[in-house]
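# Overview (structure and organization)
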Amino acid sequence: MSEHVFGVSLTPTYDVSLTHEVTDAAERSGLDLVGVQDHPYVGQFLDAVALAGHLLTRTTRLRVFPDVANLPLRPPAMLARTAATLNVLSGGRFELGLGSGGYWDAITTMGVPRRSPGEALAALEEAVTIMRGLWTPGQRVTFAGDHYRVDGVEGGAAGTPPVGVWIGAQAPRSLALTGRVGDGWAAPIPSYLPYERWPECNRIVDRAAGEAGRDPASIMRMAQLVGTVEAGGGGGPKLTTGADPLRAGAKGWAAELVRLAAEQPFTAFVFWPERQSVEQVRRFAEEVVPLVKAGLA
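This structure is a prediction, so every number in the text was calculated from the model and none was measured. (Residues numbered from 1 in each chain as written. Predicted model: local features only at pLDDT ≥ 70, side-chain atom pairs only at ≥ 80, totals over all residues. Heavy atoms only, no water.)

A count of helices and strands for the chain gives 9 helices and 12 strands. For a compact globule of 297 residues, the expected C-alpha radius of gyration is about 19 Å, and the chain comes in at 19 Å, within 12% of that figure. Taken along the three principal axes of its C-alpha coordinates, the chain extends 60 × 40 × 35 Å. Classification of the 297 residues of the chain by burial places 52% in the buried group. Within the structure as shown, the chain displays about 12500 Å² of accessible surface, and the carbon and sulfur contribution to it stands at 53%. Between the mean site of the 27 positive side-chain charges and the mean site of the 31 negative ones, the chain shows a separation of 1 Å. (Helix = DSSP H or I, 4+ residues; strand = E, 2+ residues; numbered from the N terminus. Rg over C-alpha atoms; globule rule 2.2 N^0.38 Å. Buried < 20%, exposed > 50% of the residue type's maximum accessible area, 1.4 Å probe, protein only. Areas by Shrake-Rupley, 256 points an atom, 1.4 Å probe, with all protein chains shown as cover. Lys, Arg positive; Asp, Glu negative; His and termini not counted. Charge placed at Lys NZ, Arg CZ, Asp CG, Glu CD.)

Let's shift gears to the pairing of strand β7 (residues 149-154). One ladder, built from 5 bridges, connects strand β6 (residues 140-144) with β7; its direction is antiparallel. Along β7, the bridge assignment pairs Ala144 with Arg149. Between β6 and β7, which pair antiparallel and follow one another directly, the connecting turn spans 4 residues. (Pairing = 2+ DSSP bridges.)

Another aspect to go through is the nonpolar core. Grouped together as the largest cluster of nonpolar side chains are 80 residues, with contacts concentrated most on Leu31, Trp135, Trp253 and Phe284. Tallying contributions element by element places helix α5 (residues 117-134) first for this core, with 8 residues. In this structure Phe284 touches Phe6, Gly7, Leu31, Val229, Trp253, Leu257, Phe269, Phe271 and Val289, once residues within four positions along its chain are discounted. (Core = buried A, V, L, I, M, F, W, Y, C linked by side-chain atoms within 4.5 Å. Contact = heavy atoms within 4.5 Å.)

A separate point is the pattern of salt bridges. Evaluation of the coordinates by the stated rule reveals 16 salt bridges. Taking the shortest distance from any N to any O, the salt bridge between Arg114 and Asp105 comes out at 2.7 Å. Among the residues examined, Arg114 registers a relative accessible area of 48% and is labelled partly exposed. The residue Glu274 makes a salt bridge to Arg247 at a minimum N-O spacing of 2.7 Å. Of the two residues, Glu274 is situated in the loop between β12 (268-273) and α9 (278-296) and Arg247 in strand β11 (residues 246-248); the sequence distance between them amounts to 27 residues. On the basis of relative accessible area, Glu274 is assigned to the partly exposed category, the value being 34%. Using a relative accessible area of 45% as the deciding quantity, one classes Arg247 as partly exposed. (Salt bridge = Lys/Arg side-chain N within 4 Å of Asp/Glu carboxyl O.)

For His39, the position within the fold is in the loop between β2 (33-36) and α2 (48-58). Linking His39 and Pro161, residues 122 residues apart in sequence, is a C-alpha distance of 27 Å. The contacts of His39, once residues within four sequence positions are left out, are Phe45 and Tyr103. Among the polar contacts listed, one links the side chain of His39 to the side chain of Tyr41, at a separation of 2.9 Å. (Polar contact = N/O pair within 3.5 Å; in protein donor to acceptor, adjacent residues only side chain to side chain.)

To continue, consider α2. Within the sequence span of α2, burial applies to Ala48, Val49, Leu51, Ala52, Gly53, Leu55 and Leu56. Contacts from the buried residues of α2 go to β1 (5-10), α1 (16-28), β2, β3 (63-66) and α3 (76-89).

Once that is clear, we can look at the packing of α1 against α9. In the contact formed by α1 and α9, the axes pass within 9 Å of each other and the chain directions differ by 15°. Between α1 and α9, the interaxial angle falls into the category roughly parallel. Relative to α9, α1 is oriented so that their crossing is right-handed. Every residue of α9 that contacts α1 at Glu21, Val22, Ala25, Ala26 and Arg28 is listed here: Val278, Val281 and Arg282. Split into classes, the residues belonging to the contact of α1 with α9 amount to 5 nonpolar, no polar and 3 charged. (Axes fitted to C-alpha atoms, helices over the stretch in contact; angles between N-to-C directions. Parallel < 35°, antiparallel > 145°, perpendicular 65-115°, else oblique. Left-handed = near helix turned anticlockwise from the far one by under 90°. Nonpolar A, V, L, I, M, F, W, Y, C, P; charged D, E, K, R; others polar.)

A word on the packing of aromatic side chains. In this structure the tally under the stated criterion is 10 aromatic pairs. A ring pair is formed by Tyr103 and Tyr192, whose centres lie 6.2 Å apart and whose planes are at 65°; its orientation type is edge-to-face. A residue pair is termed long-range when its members are at least 10 positions apart, and Tyr103 in the loop between β5 (96-99) and α4 (104-107) and Tyr192 in the loop between β9 (184-186) and α7 (198-211) qualify at 89 residues. On the basis of relative accessibility, which here comes to 41%, the residue Tyr103 falls in the partly exposed class. Since its relative accessible area comes to 36%, Tyr192 is described here as partly exposed. Relative to Phe284, the ring of Trp253 has its centre 6.2 Å away and its plane inclined at 80°; by these criteria the two rings are edge-to-face. In this pair, Trp253 sits in helix α8 (residues 250-263) while Phe284 sits in helix α9, placing the two residues 31 residues apart along the sequence. Judged on exposure class, the residue Trp253 and its partner Phe284 are both buried. Aromatic rings pair up to connect Trp185, Tyr195, Trp198 and Phe266 into one cluster. (Phe/Tyr/Trp six-rings, centres within 6.5 Å; stacked < 30°, edge-to-face > 60°.)

Now the structure itself:
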């Protein structure tokens, strides 16, 4: 992945035509990433992983990832196989955003047991261990954890470049886990994780990575920003506290992204439009991103 990358988040509604138009606009406009929100319990949404595979067949350059995959509803051995398959078929353009589960009242309606925060975190670590083993060709993976087990399953090729595991962590222990075993941190949107917590969260990831003997800079940091790119060049408020969407012109957006990249180790920026549209994707890609790249240069 290049030094700074930019993407857009998709809501996987049944408006497939709009999804195609938005994704095509992202590809043509030079964005790097498309994230697909994963809420399998929502009847009005398409399956995120299946949709990711479909979008990979329509594009040639974009990297696609679930933002983030709902681990309690996707057993890790099968998720590993699916991720490897999508990465191989797409020539290395699939990444695995992964979360331990958020909306437990909704998750449990699909027949899985509720997990405490500690149990969910332990399950996430077990899952990453299993998946990395299954992405190792020729390895027989045996693992017996409190939440998952596999017994002599054969590992296989997972494509090149390898699948990255980008963890959607927000609590201190899950952030520390990200620093120990993750390839990236997909910071939750501000309604889950207010702006003022982002610096300390990055420090937790850094500290845990260092204690594990890893280079903190090797862990990708993704800022996910909700808002609207307005017409014109107006500025907006600094994203320092709270969770308000950013509503500003291209110059205001660019100033905030450049500041975030300068003050914190963010190298990826994913735009969550308040209203999903081709116009918003184009404004972000064609007006905001060039200003950010110039500012970072």
